[in-house]
Amino acid sequence: MSSRIIVTAEINGEPTEFLADERDSLLDALRERLGLMGSKEGCNNGNCGACAVLLDGRLVNSCLVMAAETEGARVTSVEGLAQQDRLLPVQEAFLDHAALQCGICTPGFLVATQALLAENPDPTEEQVRYWLAGNLCRCTGYDKIIAAVLDAAGRAATPAG
Amino acid sequence: MVAPAKSPYRVVGTRPVRPDGTDKVTGRANYGSDIRLPGMLFGRVLRSPHAHARILRIDPSKALALPGVKAVITHTDFPAAEDAVADLGETSSNLKWLVDNVLASDRALYHGHAVAAVAATDPHVAEDALALIEVEYEPLPPVLSVHEAMNEAAPRIHPNMHTVEMMARFTPGPRSEHDIPNVASHLRMEIGDLDAGFADAEVVIEREYETGTSHQGYIEPHNGTALWNEHGELTVWLSTQGPFAMRDSLARVLKLPVSKIRVVPMEIGGGFGGKISAYMEPMAAVLSKKTGRPVKMIMQRDEVLFGTGPTSATYVRVKVGAKRDGTLTAAEAYLAYESGAYPGSPVGAGGMCMFAPYRVPNQRADCYDVIVNKPKVSAYRAPGAPAAAFAMESTLDELAEQLDIDPLEMRVRNAAVDGTRRIDGVAFESIGNEAVMTAAKESPHWNSELQGENRGRGIAMGFWTNGGQESSAYATVNSDGTVNLVIGSVDIGGQRAALAMQLAETLGIDYEQVKPLVVDTDSIGYTFITGGSRTTFATGWAVHEAGLEIQRLLEDRAALIWEADRELVHYDDDGVIRGPDERSLSFTEIAKQLHRTGGTVQGKADVTPEGVGPTFACHIVDVEVDPETAKVQVLRYTAIQDVGTAVHPAYVEGQIQGGAVQGVGMALSEEYVYDSEGRMRNASLLDYRMPTTLDVPAIETILVEEPNPGHPYGVRGVGEVPIVPPLGAIASAIYQATGVRPRTLPASPRVLLEELLPDDEG
């Protein structure tokens, strides 16, 4: 039997303490130990991006981070994006553009997009495609996702009146 | 461009936000793998490392001794299966084969074939336990291609299997007079007089083509959670395209009456045909029965690739004859599709679809379903059609070039029209084939100039029949003027929206007044899979009929309230009920009065609609081929399609864009790579290379709306046909760019470079 580790981290703004198996990835911990099921497992080896989260503001695939490594870290998953019952512009844009079909890759795309817009609030289409190349979507052919991200960048730049 | 006609509809044709959208952008939507039950165990599957091996011994004792391990099962834990043909979803299968594919009995027939399963208190413990299950194998020589399999010297993978002559695509006939090694069935389709047709031709060409194995590639791995309770009732929560098809599979494998099984469809993370068959679900059920606890099983990605059903690798030979003016006189095809370890490839669909866009009076297709030591294939978006269309479209392109006719003009001259018979004898009615070709001809893309070196443009057509089948729906009017719509069709990409829109249209109310709910198999009538491009069509029909019943019942109520002659009360399209003396009640007004006038009003319908409308697509693609690396980059892509009435145009476009990009993957990068022992060597999403954002441009769509007269709102299925043309279009574009015509897809750099390099370097 493997041993358990107590991890203290800030998960979606909440100081959180949880017990993790030493073999748990951050994705395992979010899903199985904390019940945060929004981050999805598509490949469990960093190829699909469905489990993307922000770790201290940096975009990572949570399946490639050990839970134990997150001691003292800030983690933002898809559940932590919407603030006070308001969707973010990127969440609204995904809905308006029909940028999801099955929706399984959507949490990863949303988190990755937030990371992009934090670094580059006004990306070109090429920059968006380059940034999101680590996220696989099998339903949409990416067209509407790219449109939604570009639209979200525009919305974020124009505060709602 | 096709000028959009003024829509006769208020709701159909608009682009509202989907009802399940907020849950899916906040991470709240519950997919199959998100379920958690008290006392739940975690299951894992041990799989064969051999492509073909006798299983001599399985010893689980060491695994069972590991603390936390609660049970290990093998095939002997399933009820013995008799040989019987069972209709399940889109393919039919012998029950013994169905059970053996879930869990191997005496032999493992492909790398990844499930051999045993374990349930433990923790996923890590379950994984550890796999290494402790001892299996003794006697490796046997694997059969890895249709050419090997059909050779007289080949080992017979199923020694007792005989070749069956099919009477029609899904109708087995008698045993063939001549068994062909490892061929489960042969289907011949034929119209006209082939010999006369070729005698009539002035130019005849014959070419051979092959395609590799590709996978549906849904991002969500298969999952299933089962609870077999003390009363012998089984509940399974999972991601599936067909809750009722899964209930049927479980009933047959486990020998349970369907009434003892409840299948609860959770949200599904993609399917494309691949989430219909049973894989781990029966194992989870038996593990739950053995342990008395719920058991959750989730596949790892490599298991998804080598342990579920991809599409067939194919060999197709095509011979086409034409007059000098381009008129096609005869077309003949020989198709051999890998079915994997058990029969059931979609080869018949390939033969049926490949010539369908064209008026060819004399046609024949010989279709062979071939067993090999690879995973049993499953449905994948227009199953069987893309590979066959690649062969026909490439050959047609070459023929056009020989005759010095523009490739689109060649297709226009031979376009199938209403009344044209296709190879299975069916005559087309109300098809949009010519309209699609015309729209392609007028498209900005086709009329643009392609400049630059190493660049080429290709064009190809595609055809798909679409499906009908059973659907059930009911709708309940709430006192606040909303309607709860209950359906059995899983929402895989906007179906809730497309169905709610049709009910809103029927009732003359707003889309937001309809609240759709997908329910389990105990809570709705039998509903066929979400697949076959059927849901918006067939379940849409059920929803419409349920709406018509609500109209009639509300007319009854209004007559009662007004004490009016029933005949003089009428429900109008705007959702207002009008009666004598200019009396009227809006939908919301009458909804408030239901409790005082006889109670709830509910409309229901169970339908098996005829009138399925087939569909055609034309894709145009520009590519650039790097002369040194042979990497093909797609520069521009336009998909033109007859979509019938586009109920929710954004999701129609999305289907087209997604299907086109899957086709790009088939054409350029996706294939299973096997070693000589039959082991899959690229079972990850890094090495099984699906298109990323960088591999495709924007996918331009042109919707041609040729309403299907067989549906109340003119709906045609739209989801499958977009994967059919990309292979041929890209192959032709590569030829235009390089002078080399790819005959084998994917045209990966490895394949293409061999052709591009001068002989002395090759």
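Residue positions are given per chain, counted from 1 along the sequence in the order it is written. Chains carry letters and ligands carry numbers; both start at the beginning, A for chains and 1 for ligands, and go up in the order they are written. Side-chain atom pairs in this predicted model are given and counted only at pLDDT of 80 or more, local residue features only at pLDDT of at least 70, and totals for whole chains, interfaces and linings cover all residues.

## Describing the overall build of chain A
Just so we agree on the cut-off: Strands are runs of DSSP state E lasting at least 2 residues, helices are runs of H or I lasting at least 4, and numbering of each runs from the N terminus. Here the radius of gyration uses the C-alpha set of atoms, whereas the globule reference equals 2.2 Å times the residue count to the power 0.38. Partly exposed residues are those whose C-beta has more than 12 but fewer than 20 other C-beta atoms within 10 Å; with 20 or more the residue is buried, with 12 or fewer it is exposed, and the C-beta atoms are placed from the backbone.
Each helix and strand in chain A was counted, giving five helices and five strands. The helix and strand sequence of chain A, counted from the amino end, reads β-β-α-β-β-β-α-α-α-α. Since a compact globule built from 161 residues should have a radius of gyration of about 15 Å, the 16 Å found for chain A is in line with a globular shape. Dimensions of chain A, computed from the C-alpha atoms along their principal axes, are close to 50 × 35 × 25 Å. Counting only residues that meet the buried cut, chain A has 57% of its 161 residues in that class.

## A look at the overall build of chain B
This is how it is decided: Residue pairs qualify as contacts under a 7 Å threshold applied to their C-beta atoms, which are placed from the backbone.
Helix and strand counts for chain B come out as 19 helices and 31 strands. Over its C-alpha atoms chain B spans a radius of gyration of 27 Å, differing by no more than 12% from the 27 Å that the globule rule assigns to 762 residues. The dimensions of chain B, computed from C-alpha atoms along their principal axes, are 90 × 75 × 50 Å. Across chain B, the fraction of contacts at a sequence separation of at least 24, relative to all contacts at a separation of at least 6, is 80%.

## A few points about the packing of helix H3 (residues 95-102) of chain B against helix H7 (residues 243-254) of chain B
Residue and element names in this part refer to chain B. Selection criterion: In this analysis, axes come from line fits to C-alpha atoms, helices being fitted only over the stretch in contact, and the angle between any two N-to-C directions falls in the range 0 to 180 degrees. When describing relative orientation, an angle under 35 degrees is termed roughly parallel and one over 145 degrees roughly antiparallel, while 65 to 115 degrees is termed roughly perpendicular and anything else oblique. The residue classification treats Ala, Val, Leu, Ile, Met, Phe, Trp, Tyr, Cys and Pro as nonpolar and Asp, Glu, Lys and Arg as charged. All others, Gly included, are polar.
The geometry of H3 relative to H7 is characterised by a closest axis approach of 10 Å and an angle of 95 degrees between their N-to-C directions. Considering the angle they form, H3 stands roughly perpendicular to H7. In contact with Leu 95, Leu 98, Val 99 and Val 102 of H3, H7 contributes Ser 249, Arg 252 and Val 253. Per-class residue counts for the contact of H3 with H7 are five nonpolar, one polar and one charged.

## A look at the sheet that holds strand S1 (residues 41-47) of chain B
All names here are of chain B. Applicable threshold: Strand pairing is assigned whenever DSSP detects at least two bridges linking the two strands.
Here we have seven strands laid out as an open sheet, ordered S3-S7-S1-S16-S13-S14-S15, and mixed in their pairing. On the outer flanks of this sheet lie strand S3 (69-73) and strand S15 (261-265), each paired with one strand and no other. Strand-to-strand twist of the sheet, defined as the mean angle between neighbouring strand axes without regard to direction, takes the value 20 degrees. The pairing of S3 with strand S7 (residues 114-120) spans four bridges and is classified as antiparallel.

## Brief notes about the sheet that holds strand S25 (residues 576-578) of chain B
The strands making up a sheet associate through backbone hydrogen bonding, with each pair oriented either parallel or antiparallel. In space, the three strands of this open sheet follow the order S24-S25-S26 (chain B), with antiparallel pairing throughout. Every interior strand has two partners, whereas the edge strands, strand S24 (570-571) and strand S26 (584-586) of chain B, have only one.

## Things to note about unusual backbone geometry
One can expect most non-glycine residues to show negative phi and most peptide bonds to be in trans. Here Leu 745 of chain B and Pro 746 of chain B are connected by a cis peptide whose omega angle stands at 5 degrees. Positive phi, normally seen in glycine, also occurs at Asp 56 of chain A, with a value near 50 degrees. Along the polypeptide, Asp 56 of chain A turns up in the loop between strand S3 (52-55) and strand S4 (58-61). With a phi angle near 75 degrees, Gln 469 of chain B is a residue other than glycine that sits in the positive phi range. Relative to the helices and strands, Gln 469 of chain B resides in the loop between strand S20 (455-464) and strand S21 (471-477). Its 21 C-beta neighbours within 10 Å are what place Gln 469 of chain B among the buried residues.

## Here's the deal with the nonpolar core
The criterion, for reference: In these notes, a nonpolar core means any group of buried Ala, Val, Leu, Ile, Met, Phe, Trp, Tyr and Cys residues linked to one another through C-beta atoms within 7 Å.
Judged by nonpolar contacts, the single largest core of 296 residues is most densely connected at Val 118, Met 283, Leu 485 and Ile 730 of chain B. Those residues in contact with Met 283 of chain B, other than ones at most four positions away along the chain, are Gly 43, Val 45, Ile 73, Val 102, Leu 103, Ala 117 and Met 297 of chain B.

## Some thoughts on the confidence of the model for chain B
Residue and element names in this part refer to chain B. To be explicit about the condition: On a range of 0 to 100, pLDDT expresses the predictor's confidence in each residue.
Taken residue by residue, chain B gives an average pLDDT of 95. The fraction at 70 or more is 97%. In the model, residues 86-92 has pLDDT below 50 throughout and makes 24 contacts with residues more than four positions away in sequence or in other chains. In the predicted assembly, ipTM is 0.97 and pTM is 0.97.

## Focus: the environment of Arg 175 of chain B
Residue and element names in this part refer to chain B. Mapped onto the secondary structure, Arg 175 falls in strand S10 (residues 171-175). Note on Arg 175: 11 C-beta atoms within 10 Å, which makes it exposed. Between the C-alpha atoms of Arg 175 and Ala 330, which are 155 residues apart in sequence, the distance is 29 Å. Setting aside anything within four residues of it in sequence, one finds Arg 175 in contact with His 162 and Val 164.

## Thoughts on the pairing of strand S18 (residues 328-340) of chain B
Residues and elements named next belong to chain B. Applied cut-off: Consider the strands pointing away from the viewer: the crossover is right-handed when the path from the first strand over the helix to the second runs clockwise.
When you tally the buried positions in S18, you get twelve out of 13 residues, the bulk of the element. Sheet analysis places strand S17 (residues 314-322) next to S18, joined by nine bridges and oriented antiparallel. Each residue of the ladder has a partner; that of Thr 314, found in S18, is Tyr 337. Between S17 and S18, which pair antiparallel in sequence order, lie five residues; one of them, Gly 326, sits at a positive phi of approximately 95 degrees. Relative to strand S19 (residues 362-371), S18 runs parallel, the two being bridged by ten bridges. Residue Ala 333 lies in a different strand from S19, and its bridge partner there is Ala 365. Following the backbone out of S18, through helix H10 (residues 347-353) and into the adjacent parallel S19, one traces a crossover that is right-handed.

## A few points about the packing of helix H11 (residues 385-402) of chain B against helix H18 (residues 726-738) of chain B
Residues and elements named next belong to chain B. Rules: We call a crossing left-handed when the near helix sits turned anticlockwise from the far one by less than a right angle, and right-handed when that turn is clockwise.
Taken N-terminus to C-terminus, the directions of H11 and H18 make an angle of 35 degrees; their axes are 7 Å apart at the nearest point. In terms of crossing hand, the pair formed by H11 and H18 is right-handed. Touching Pro 386, Ala 389, Phe 390, Glu 393, Ser 394 and Asp 397 of H11 are Leu 727, Gly 728, Ala 731 and Ser 732, all from H18. Along the lines of polarity and charge, the residues of the contact of H11 with H18 split into five nonpolar, three polar and two charged.

## Regarding the environment of Met 166 of chain B
All names here are of chain B. Relative to the elements of secondary structure, Met 166 occurs in strand S9 (residues 164-168). In sequence terms Met 166 and Ser 176 are ten residues apart; their C-alpha atoms lie 9.1 Å from each other. Other than its neighbours up to four places away in sequence, Met 166 contacts Thr 171, Pro 172, Gly 173, Ser 185, His 186, Leu 187 and Gly 348.

## Some points on the pairing of strand S29 (residues 632-642) of chain B
Residues and elements named next belong to chain B. Of all eleven residues in S29, eight are buried, a share of seventy percent or more. Summarising the sheet, strand S28 (residues 615-625) and S29 pair through nine bridges and their orientation is antiparallel. Paired with Val 625 across the strands is Val 632, a residue of S29. The sheet contact formed by S29 and strand S30 (residues 699-704) spans six bridges and is parallel. Looking at S30, one finds that Gln 641 is bridged to Leu 703. Once you follow S29 into helix H17 (residues 649-668) and on to S30, the crossover reads as right-handed.

## Quick look at the environment of Glu 281 of chain B
Residue and element names in this part refer to chain B. Note on placement: Glu 281 falls in helix H8 (residues 281-291). With 26 C-beta atoms packed within 10 Å, Glu 281 lands in the buried category. Between the C-alpha atoms of Glu 281 and Met 246, which are 35 residues apart in sequence, the distance is 8.6 Å.

## What to know about helix H14 (residues 495-507) of chain B
How we decide: Any helix carries an expected span of 1.5 Å times its number of residues minus one.
The terminal C-alpha atoms of H14 of chain B lie 18 Å apart, and with 13 residues this matches the ideal 18 Å at 1.5 Å per residue to within 8%. Just downstream of H14 of chain B, Gly 508 of chain B is the residue with a positive phi angle, here 65 degrees.

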